[in-house]
Amino acid sequence: MWNKIQQILDDKKISANQLSNLAGFKNNSTIYAIKNEQIKNPSFELMERIADALDVSLDEFRDK
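Thresholds, definitions, all that
- Residues numbered from 1 in each chain as written.
- Predicted model: local features only at pLDDT ≥ 70, side-chain atom pairs only at ≥ 80, totals over all residues.
- Heavy atoms only, no water.
- Helix = DSSP H or I, 4+ residues; strand = E, 2+ residues; numbered from the N terminus.
- Rg over C-alpha atoms; globule rule 2.2 N^0.38 Å.
- Buried < 20%, exposed > 50% of the residue type's maximum accessible area, 1.4 Å probe, protein only.
- Contact = heavy atoms within 4.5 Å.
- Lys, Arg positive; Asp, Glu negative; His and termini not counted.
- Charge placed at Lys NZ, Arg CZ, Asp CG, Glu CD.
- Arc of directions from axis to C-beta.
- Patch = residues over 30% accessible without salt bridge, like charges linked within 9 Å, V, L, I, M, F, W, Y side chains within 5 Å.
- Areas by Shrake-Rupley, 256 points an atom, 1.4 Å probe, with all protein chains shown as cover.
- Salt bridge = Lys/Arg side-chain N within 4 Å of Asp/Glu carboxyl O.
- Core = buried A, V, L, I, M, F, W, Y, C linked by side-chain atoms within 4.5 Å.

> Would you mind going over the overall build of the chain in detail, with residue names and values included?
Of the regular secondary structure elements, the chain holds 4 helices and 0 strands. The N-to-C order of helical and strand elements in the chain reads α-α-α-α. Computed over C-alpha atoms, the radius of gyration of the chain comes to 11 Å, within 12% of the 11 Å expected from 2.2 N^0.38 for 64 residues, which places it in the range of a compact globule. A principal-axis box enclosing the C-alpha atoms of the chain has dimensions of 30 × 25 × 20 Å. Looking at the chain as a whole, 34% of its 64 residues qualify as buried. Counted over contacts in the chain with a minimum sequence separation of 6, partners at least 24 positions apart contribute 47%. For the chain, the centre of its 9 positive side-chain charges and the centre of its 10 negative side-chain charges are spaced 4 Å apart.

> Can you tell me about helix 4 (residues 44–54), naming the residues and giving the values?
Buried residues of helix 4: Leu46, Met47, Ile50, Ala51, Ala53 and Leu54, and no others. The buried residues of helix 4 occupy an angular sector of 160 degrees when the element is viewed end-on, so they sit on one face. Opposite the buried face of helix 4, by more than 90 degrees, sit the exposed residues Phe44, Glu45 and Asp52. Summarising the contacts, the buried residues of helix 4 are in contact with helix 1 (2–12), helix 2 (16–22) and helix 3 (29–35).

> I'd like a rundown of helix 1, residues and numbers included.
Three or more residues of helix 1 are buried, namely Trp2, Ile5, Ile8 and Leu9. Each buried residue of helix 1 lies within a common arc of 125 degrees when the element is viewed along its axis, so the set occupies one face. The outward face of helix 1, more than 90 degrees from its buried face, is lined by the exposed residues Asn3 and Asp11. For helix 1, the elements touching its buried residues are helix 2, helix 3 and helix 4.

> How would you summarise a negative patch on the surface if you had to cite specific residues and measurements?
Residues Glu45, Glu48, Asp52 and Asp55 make up a contiguous surface patch of negative charge. Mapping Glu45 onto the fold places it in helix 4.

> Can you explain the nonpolar core? Please cite residues and give values.
Grouped together as the largest cluster of nonpolar side chains are 19 residues, with contacts concentrated most on Ile5, Leu19, Ile50, Leu54 and Phe61. Broken down by element, this core gets its largest block of residues, 6 residues, from helix 4.

What follows is the structure, given as structure tokens:
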């Protein structure tokens, strides 16, 4: 999952810290927990916040 998020971050020239702010997380721990696979199956609500912050569809994160 993180690889896809990272690809979108790179394409949009956004850092993980910026994503955390855009998604409305109070600190960076949620984003880094996904990155470090401490959260292996993020909730729908969490992914919805990330997708909204990145201005992409949730479909971007689906396994194809």
